[in-house]
Amino acid sequence: MIHRLNQPDFDRWACQIKHTGGCRQPIHLRGKVEHYDQATGHLLHRYSTTTEPNGVLRVPCKTRRTSRCPACAEVYRADTYQLVRAGLVGGKGVPETVSAHPCLFVTLTAPSFGAVHVRREKTGKVLPCHARRDAEICPHGRVMSCTERHSADDPRLGEPLCPDCYDYDGSVLFNAISPELWRRFTLALRRRFARLNGLTVKALREHVSIAFAKVAEYQRRGVVHFHAVIRLDGPDGPDSPPPPWATADALAQAVQHAAAVVTAEIEPLSRTFRWGTQLDVRPITMDGDLTEQAVASYIAKYATKAAECVGTLDRRIQPLDDLAALPVREHARRLIAACMRLGRNPGLVDLRLTHWAHMLGFRGHFSTKSRRYSTTLGALRAAREEHMRAEQITTGRLPLFDEDTVLVVAHWAYAGQGLSVGEQLLASAITGQHAPLLRGPDDR
Ligand SMILES: [Zn+2]
Ligand SMILES: [Zn+2]
Ligand SMILES: [Zn+2]
């Protein structure tokens, strides 16, 4: 820290850190950008990292995961919020009339893979976990009952009553196949909605399009479920109103049906997966129980979480890792072990279970949306970068050029990542972002 403070270019370093917005693991880039006049070939402006502290430019890591970088995850969360919200009330290029389109908030769950410890509340009172008067005894001699009233932070929540009875293979296979199950659900939904209205899928497309935005959330037991916004539009997307017969009620009916009938098979194991019986379908309204704001914040919150909230690792598991020595609870260890074991099955290579063991088998995207739901994260990022560029022009750091007349030649190379522990302390003082310290690249 003292070394960094005493560097003659400390002010410039501090300025770079400020621009990363408090990123705790900024990426270091080495390179240059040159602006040429296209007509004359004159060099108008040159930026090179050679004069920067350590010869590198530090840029934010842009992770979405809070456990890795709270500052960048916050940016991602805010962008996701804007994206989901724009699809509900308009803005960011989506017309405000979209708020009148029928719209549902749907939660699709995973089936049961065995009884787990749960915390349930009824009128403010915590109920016993699994109270059974004549509870059966499982083949491993465990009584399948638990009369405890678990506290909200009880680490046993989500863990099985009998780990030896629990279907660990089923749990990780469900995670692995869930993106396919979701895809089939969206197809079945379109088919059913068309049929309810006496149309073919092709004919439906001339009147209605169905837009989705979804996010995956890990439950305590280590399986994902999906929260989705499903909206009815006219044939041209959010700009066109759906016909009067395309109602939220009809859409809800089609959702119930599609969720109940779709299946996805893992043929080499002759296993078929379907959604759990718990299905939640609620209309989103501007003034009702479930407002567009609540939905957008809910989806955005889960977009920055991953499997680590189940107590697994937030990094990839290496083939040489000693599973028994991983700092995780037994339940997560067994889920990871199931991934590693099934991952060796040649028939299951497409599921890439070894690669995604730390995600307990899930390899899908955390938040996805159909093309015409609203704007994109990329467009939001571009708008922010354009704003920062405009700011740099007005503060004199970049000359003002007409985009079409200038040729930009850039060359960048990755030159490492992260901050030393001393630099992290300085960075948190500069940016006001406080997070536990990470081992820095220079401290190894
Ligand atoms: Zn970051
Ligand atoms: Zn229990
Ligand atoms: Zn058992």
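A short tour of the structure in this document, coming up. (Residues numbered from 1 in each chain as written. Chains lettered and ligands numbered in written order. Predicted model: local features only at pLDDT ≥ 70, side-chain atom pairs only at ≥ 80, totals over all residues. Heavy atoms only, no water.)

## Regarding the environment of Ala86
Link 1 in the chain: Within the secondary structure layout, Ala86 lies in helix α3 (residues 70–89).
Link 2 in the chain: You can call Ala86 buried: its relative accessible area is 1%.
Link 3 in the chain: Sequence spacing of Ala86 and Glu96 is 10 residues, and the spatial spacing of their C-alpha atoms is 8.5 Å.
Link 4 in the chain: In this structure, Ala86 is in contact with Gly91, Lys92, Val94, Val98 and Ser374, ignoring residues within four places of it in sequence. (Helix = DSSP H or I, 4+ residues; strand = E, 2+ residues; numbered from the N terminus. Buried < 20%, exposed > 50% of the residue type's maximum accessible area, 1.4 Å probe, protein only. Contact = heavy atoms within 4.5 Å.)

## Regarding the packing of helix α4 (residues 168–196) against helix α6 (residues 248–261)
Link 1 in the chain: At a minimum axis distance of 8 Å, the contact between α4 and α6 shows a crossing angle of 130 degrees. One finds that α4 runs oblique with respect to α6. The hand of the α4/α6 crossing is right-handed. When α4 is examined against α6, the residues Phe185, Ala188, Leu189, Arg192, Phe193 and Leu196 are found in contact with a partner set consisting of Ala250, Leu251, Gln253, Ala254, Val255, His257, Ala258 and Ala259.
Link 2 in the chain: The class makeup of the residues in the contact of α4 with α6 is 11 nonpolar, two polar and one charged. (Axes fitted to C-alpha atoms, helices over the stretch in contact; angles between N-to-C directions. Parallel < 35°, antiparallel > 145°, perpendicular 65-115°, else oblique. Left-handed = near helix turned anticlockwise from the far one by under 90°. Nonpolar A, V, L, I, M, F, W, Y, C, P; charged D, E, K, R; others polar.)

## Focus on the sheet that holds strand β11 (residues 279–283)
Link 1 in the chain: What the five strands build is an open sheet, ordered β11-β4-β8-β7-β12; its pairing is antiparallel. Whereas interior strands pair on both sides, the edge strands pair on one side only; in this sheet they are β11 and β12 (367–369). Looking at each pair of strands side by side, their axes are set apart by 15 degrees on average, direction ignored.
Link 2 in the chain: Here five bridges tie strand β4 (residues 103–108) to β11, and the two strands are oriented antiparallel to one another. Paired with Phe105 across the strands is Arg282, a residue of β11. (Pairing = 2+ DSSP bridges.)

## Examining the pairing of strand β2 (residues 43–48)
Link 1 in the chain: Here strand β1 (residues 27–37) pairs with β2 via five bridges, running antiparallel. Following the sheet pairing, Val33 is matched in β2 by Tyr47.
Link 2 in the chain: Here β1 folds back onto β2 in antiparallel fashion, the turn holding five residues, of which Gly41 has a positive phi close to 80 degrees.

## Details of the coordination of the zinc ion (ligand 2)
Link 1 in the chain: Around the zinc ion (ligand 2), the protein contributes the donor atoms His117 (ND1), Cys129 (SG), Cys146 (SG) and His150 (NE2), which lie 2.0 to 2.4 Å from the metal centre.
Link 2 in the chain: Coordination at the zinc ion (ligand 2) comes from four donor atoms whose angles at the metal span 104 to 114 degrees, giving a geometry best classed as tetrahedral.
Link 3 in the chain: Ordering the donors of the zinc ion (ligand 2) by residue number gives the pattern H-x11-C-x16-C-x3-H. With Cys129 in the loop between β6 (125–127) and α4 and Cys146 in the loop between β6 and α4, this pair connects stretches of sequence that are 17 residues apart. One exposure class covers both Cys129 and Cys146, and it is buried. (Donors = N, O, S within 2.8 Å, 3.2 Å for Na, K, Ca; no water. Tetrahedral: all angles 85-135°; square planar, octahedral: opposite > 155°, others 65-115°.)

## Observations regarding the side chain of Glu159
Link 1 in the chain: Checked against the element boundaries, Glu159 lands in the loop between β6 and α4.
Link 2 in the chain: At 2.6 Å, the side chain of Glu159 and the side chain of Arg329 are in polar contact.
Link 3 in the chain: Those residues in contact with Glu159 that lie beyond four places of it in its chain are Ala115, Val116, His117, Arg329 and His331. (Polar contact = N/O pair within 3.5 Å; in protein donor to acceptor, adjacent residues only side chain to side chain.)

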